[in-house]
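# Results of the structural survey
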Amino acid sequence: MRLVEIHPSDLVYADEATRRTGVPGQVIRQWARRGRIQKFSGDGRPNGLGHGQRTMYALPEIAALAPSYRPTPQRAPHAACFVAARTGGGWSNLQSPTSDPNA
């Protein structure tokens, strides 16, 4: 999107873009770092967490890329970690999932 096509009312902060599009703020910042979307200087208004918001993004650009966003699935926990947590011990008393505790 060219700069002349962006209206000032289209500029939003990352948290508002997340609410409107469902794309996490971290992904929005990564897209801006990689040059997929443009970023603009904000007015530094407080965000309620003690920090000022400094960067604004063009909502039409984010909305155009939002359909291509796919969240990365998280990896499943390993079986060894599950057994260690279940037995209440650390690494020293790990058991294989097939071992019989009564043996």
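Read on for an overview of the structure. (Residues numbered from 1 in each chain as written. Predicted model: local features only at pLDDT ≥ 70, side-chain atom pairs only at ≥ 80, totals over all residues. Heavy atoms only, no water.)

## Some thoughts on the sheet that holds strand 2 (residues 39-41)
Rule in force here: Here the rule is simple: two strands pair whenever DSSP picks up at least two bridges between them. We count a stretch as a helix when DSSP gives it H or I for four or more residues in a row; a strand needs E for two or more, and each element gets its number in order from the N terminus. Throughout, an axis means a line fitted to C-alpha atoms (over the contacting stretch in the case of helices), and angles, computed between N-to-C directions, take values from 0 to 180 degrees. Contacts are residue-level and defined by heavy atoms, with any inter-residue pair within 4.5 Å sufficient.
Spatially, 1-3-2 is the arrangement adopted by the three strands of the open sheet, whose pairing is antiparallel. With one partner strand each, in any of the chains shown, strand 1 (11-13) and strand 2 form the two edges of the open sheet. Each neighbouring strand pair of the sheet contributes to a mean axis angle of 45°, computed without reference to strand direction. When strand 1 meets strand 3 (residues 55-58), the two strands line up antiparallel, connected through three bridges. From the neighbouring strand, V12 faces strand 3, where its bridge partner is Y57. Helix-sheet contacts for helix 1 (residues 14-21) involve strand 1 and strand 3, and the interaxial angle to strand 1 is about 100°.

## Concerning helix 1
Definition in use: Exposure classes here rest on a 1.4 Å probe applied to the protein chains alone. A residue is buried below 20% of its type maximum, exposed above 50%, and partly exposed in between. This arc corresponds to the set of directions leading from the helix axis out to the C-beta atoms.
Those residues of helix 1 that fall on the buried side of the exposure criterion are A14, E16 and A17. Projected down its long axis, helix 1 carries its buried residues within an arc of 160°, all on one side. Against strand 1, helix 2 (25-33), strand 3 and helix 3 (59-65) lie the buried residues of helix 1.

## As for the environment of P24
With respect to the helices and strands, P24 occurs in the loop between helix 1 and helix 2. Under the relative-accessibility criterion, P24 is labelled partly exposed at 30%. Not counting chain neighbours up to four residues away, the residues in contact with P24 comprise T18 and Y69.

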